[in-house]
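Observations on chain architecture
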Amino acid sequence: MRLEIAALSGPAILMFLGFVIFPVLMAAYYGFYRWKGFGPPTDFVGFDNYVTILQDTAFHEALWHNGQIVVLSLVLQGPIAIGLALLLNRKMRGQSLIRVLIFVPYVIAEVIVGTAWSLLLQTNGAVNDVLRSIGLDWLAADWLANPSIAIWTLMLILTWKYIGFAVILFLAGMQNIPEELAEAAAVDGASYWQTQRRITLPLLGPTIRIWAFLSIIGALQLFDLVYIIWGQYVASTAGTSTMATYMVTEGRNAGNYGYGNAVAVVLFVISMIIALVYQRFVLRRDTQGALTGGR
């Protein structure tokens, strides 16, 4: 039995150690040096890189932006995705086509999405041109560079991009809810919305909590869309920089790979702490039920 367990789990453990644990340990090691990215690190600076990170206002702003993205992702994407899932869970004409159209943005590469939206939202881009052509000139704005609206522009793009994943996840969760419960509620005189509020949403709770966990971790590690649309310089001034873009800007692009590795370690620690706290206080009931078979 032990040999079978080792044979089955061994490759996965080796992959985890080689592609997760080892890079984290190496990043922590290089984070103690002022290193240019080539040759062995020799300029040992101890915790100076980490002290600089914690004192840098640019990192504080990036951390604040990540926090905003986490909260807004949950507040905006969650209710919209649940509403769409409830709608698509009912029999309707063109249901399959609508599901596909909602899910398509999620499978489009981030590079394509970022490039397309950056062109559409430029000052002289298609969005402002359409607004001016229909007499809504007052709505035309600098969607990408204006710090007061740039974060909302980012949330619009993120919601458009990732709402499909949440909808499909919620639909899958709804398929596991026995139809007999809704039928019994209807017999007792419950309306459609009462059934959804009293039966569907509570039973969908584990799926919602899993989606929220994935959304939080993704928001903390957000990089590609911000870097593609706003670049390394505009992101900070527009108020859309993240910890990941800060890491690349102050690390690789500045030629200070030791500092960049230290930022990566800080990002990893923050994500791990939030993940552990979330699992301890939010997912505990779900994981205990899965491990013990309890309900």
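1. Topic: the overall build of the chain
Scanning the chain from N- to C-terminus turns up 14 helices and 0 strands. Its C-alpha atoms put the chain at 75 × 70 × 30 Å along the principal axes. The proportion of buried residues among the 295 residues of the chain is 36%. When contacts within the chain are restricted to residue pairs at least 6 apart in sequence, long-range pairs at least 24 apart make up 69% of them. Positive and negative side-chain charges of the chain, numbering 17 and 16 respectively, have mean locations separated by a distance of 9 Å.

2. Notes on the pattern of salt bridges
Side chains bearing opposite charge may pair, as long as their charged atoms lie close to each other. Throughout the structure, instances matching the rule amount to 3 salt bridges. Across the pair Asp43 and Arg34 runs a salt bridge, and its minimum N-O distance is 2.9 Å. Using a relative accessible area of 34% as the deciding quantity, one classes Asp43 as partly exposed. Between Glu110 and Lys161 there is a salt bridge, and its shortest N-O distance comes to 3.7 Å. Taken together, the residues span a long stretch of sequence, with Glu110 in helix H5 (residues 110-120) and Lys161 in helix H7 (residues 150-175) at a distance of 51 residues. Exposure remark for Glu110: the relative accessible area of 23% places this residue in the partly exposed category.

3. Overview of the environment of Leu121
By the element assignment, Leu121 lies in the loop between H5 and helix H6 (126-133). Non-local contacts of Leu121, meaning those with residues more than four positions away in its chain, are made with Val127, Trp143, Leu144, Thr153 and Ile157.

4. Describing the environment of Pro206
With respect to the helices, strands and loops of the structure, Pro206 is situated in helix H10 (residues 205-220). A relative accessible area of 35% means that Pro206 is categorised as partly exposed. For the pair Pro206 and Val282, spaced 76 residues apart in sequence, the C-alpha to C-alpha distance is 9.6 Å.

5. Overview of the packing of aromatic side chains
A full pass over the atoms with the stated rule returns 19 aromatic pairs. Taken together, a centroid distance of 5.7 Å and an interplanar angle of 70° make the contact between Phe170 and Trp211 edge-to-face. Highlighted residues: Phe170 in helix H7 and Trp211 in helix H10, separated in sequence by 41 residues. Here the two residues Phe170 and Trp211 agree in accessibility, since each one is buried. Geometrically, the ring pair formed by Phe213 and Tyr278 is tilted, given 5.6 Å between the ring centres and 35° between the ring planes. Note that Phe213 is positioned in helix H10 and Tyr278 in helix H13 (residues 257-281), a separation of 65 residues in sequence. Accessibility expressed as a relative area gives 22% for Phe213, which makes it partly exposed. Residue Tyr278 is classed as buried on the basis of its relative accessible area of 12%.

6. A few points about the nonpolar core
Counting 53 residues, the largest nonpolar core has Ile69, Leu154, Phe170 and Trp230 as the members making the most contacts within it. Among the elements of the structure, helix H2 (48-55), helix H3 (57-88), H5, H7, H10, helix H11 (224-238), helix H12 (243-252) and H13 are those that each provide at least two residues to this core. Sort the elements by how many residues they give to this core and H7 lands first, with 12 residues.

Criteria and thresholds
- Residues numbered from 1 in each chain as written.
- Predicted model: local features only at pLDDT ≥ 70, side-chain atom pairs only at ≥ 80, totals over all residues.
- Heavy atoms only, no water.
- Helix = DSSP H or I, 4+ residues; strand = E, 2+ residues; numbered from the N terminus.
- Buried < 20%, exposed > 50% of the residue type's maximum accessible area, 1.4 Å probe, protein only.
- Contact = heavy atoms within 4.5 Å.
- Lys, Arg positive; Asp, Glu negative; His and termini not counted.
- Charge placed at Lys NZ, Arg CZ, Asp CG, Glu CD.
- Salt bridge = Lys/Arg side-chain N within 4 Å of Asp/Glu carboxyl O.
- Phe/Tyr/Trp six-rings, centres within 6.5 Å; stacked < 30°, edge-to-face > 60°.
- Core = buried A, V, L, I, M, F, W, Y, C linked by side-chain atoms within 4.5 Å.

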